[in-house]
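A look at the structure
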Amino acid sequence: MLPFARMVKYGNIKPAPSGVLKISTSSSHMGMLFDSGNLYLRGSGAHYRLGNNSTEYVQNGWVQCPYKVSNVWCLFAGTIILTTDGEFYLAGQMNYVGVSASPVPGWTNITSILSTIPSLTTVQDIASTETTASNGSLLILLSDGNLYGIGRNAGGELGVTGIKSTPILINTGVTLIAGTQSGGAFHFVKNGQYYRCGNNASYNLGSSSSKLSTFTVSTDISGTVIGISCTPETTSVLTSNRNKINVYTAGKNTDYCLGIGYGDTTI
């Protein structure tokens with residue numbers, strides 16, 4: 001039985017508990033966002049990615065973000081949040097926005113850096129990639145399908161050359177994005193087709209071992225692309241074709257992750 005005062009105001013119904021809104025993960029840390037706006041992070045504190053001014057490994061405890069959060073993206077060497085006030089903050093390496101190649105303690109407001117992106121708070125997804133921990137880049141997808149890029153771009157994974165400290169428009173009508181964390185490649189879907197760009201050392205882009213310097217559509221995949229999943233050395237693309245679901249995979253077969261043959265064969 002609930003307290004009488006609460007029963008008078010709300011009835012004899014217990015309020016629903018706060019639920020988990022999103023879980024975001026990288027290779028070494030994770031964030032759990034609740035619908036209350038509370039964000040908790042745990043894992044490796046390297047590069048200050050947990051936002052708590054420490055690079056220590058926090059294995060057995062959660063670090064609470066000091067802001068109310070509406071979305072979170074855990075990257076290889078950092079964390080990006082969108083607050084309920086419409087502000088973007090970055091914890092970790094600032095290379096993702098083309099500024100310093102060094103990590104910064106605490107949370108840095110990067111809203112002004114991204115401010116040239118129209119309707120910035122309509123961000124649907126953010127993907128990242130790194131050639132090294134200090135040379136990352138971002139893809140930023142808006143709900144209207146406009147796709148922007150920013151970052152140090154050391155491997156040309158944005159389809160252009162040089163550091164981009166101001167967002168550039170990469171394409172329009174995009175529905176899905178992905179990044180090869182610590183692998184130097186970006187991926188997106190437009191009109192159901194799969195595009196990719198960047199480092200292809202392990203054949204994970206499905207063409208040859210040569211780097212792709214511009215976003216190129218894959219001619220090896222048939223059907224409508226509905227999903228992309230990446231490891232540092234492989235890429236898997238999920239398609240729908242005439243009521244059939246197909247999976248295409250390319251890259252290095254380390255630990256038999258491609259499900260074929262033996263050893264480190266590349267396909």
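Please read all numbers here as calculations on a predicted model, not as lab measurements.

A look at the pairing of strand β19 (residues 244-251)
- Looking at chain direction, strand β18 (residues 234-241) and β19 are connected through eight bridges and run antiparallel. Bridge pairing links Thr239 to Asn246 in β19.

Topic: the sheet that holds strand β5 (residues 69-75)
- On the basis of which strands lie adjacent, the open sheet formed by four strands has the order β5-β6-β7-β8 and antiparallel pairing. Only two strands of the sheet have a single neighbouring strand rather than two, namely β5 and β8 (103-109). Within this sheet the neighbouring strands show an average axis-to-axis angle of 10°, counted without direction.
- Pairing of strand β6 (residues 78-83) with strand β7 (residues 88-93), which is carried by five bridges, proceeds in the antiparallel orientation. By the bridge assignment for β7, Ile81 is matched with Tyr89.

Some thoughts on the confidence of the model for the protein
- The share of residues in the protein with pLDDT of 70 or more is 88%, and the mean pLDDT across the chain is 88.
- Averaged over each element, pLDDT in the protein is lowest for helix α1 (residues 4-10) (49) and highest for strand β11 (residues 147-151) (98).

Brief notes about the side chain of Asn38
- With respect to the helices, strands and loops of the structure, Asn38 is situated in the loop between β2 (29-34) and β3 (39-44).
- Within the structure, the side chain of Asn38 is placed 3.2 Å from the side chain of Ser36, a separation counted as a polar contact.
- The residues contacting Asn38, other than those within four sequence positions of it, are Met32, Leu33, Gln64 and Lys68.

Definitions and cut-offs
- Position numbers for residues count from 1 along each chain, tracking the sequence in the order it is written.
- Two thresholds apply to this predicted model, a pLDDT of at least 70 for residue-level local features and 80 or more for giving and counting side-chain atom pairs, whereas whole-chain, interface and lining totals are computed over all residues.
- Excluding hydrogens and water, the side-chain figures rest on all heavy atoms present in the structure.
- Pairing between two strands requires that DSSP report at least two bridges joining them.
- Only DSSP runs of H or I with at least four residues qualify as helices, and only runs of E with at least two residues qualify as strands; both kinds are numbered from the N terminus onward.
- The axes are straight lines fitted to the C-alpha atoms, using for helices just the contacting stretch, and the angles between their N-to-C directions are given from 0 to 180°.
- Every residue carries a pLDDT, the predictor's confidence in it, which falls somewhere between 0 and 100.
- Counting of polar contacts relies on pairs of N or O atoms within 3.5 Å, with two restrictions inside protein: one atom must be capable of donating a hydrogen and the other of accepting it, and residues adjacent in sequence are counted only when both atoms are side-chain atoms.
- Should any heavy atoms of two residues lie within 4.5 Å, those residues are counted as being in contact.

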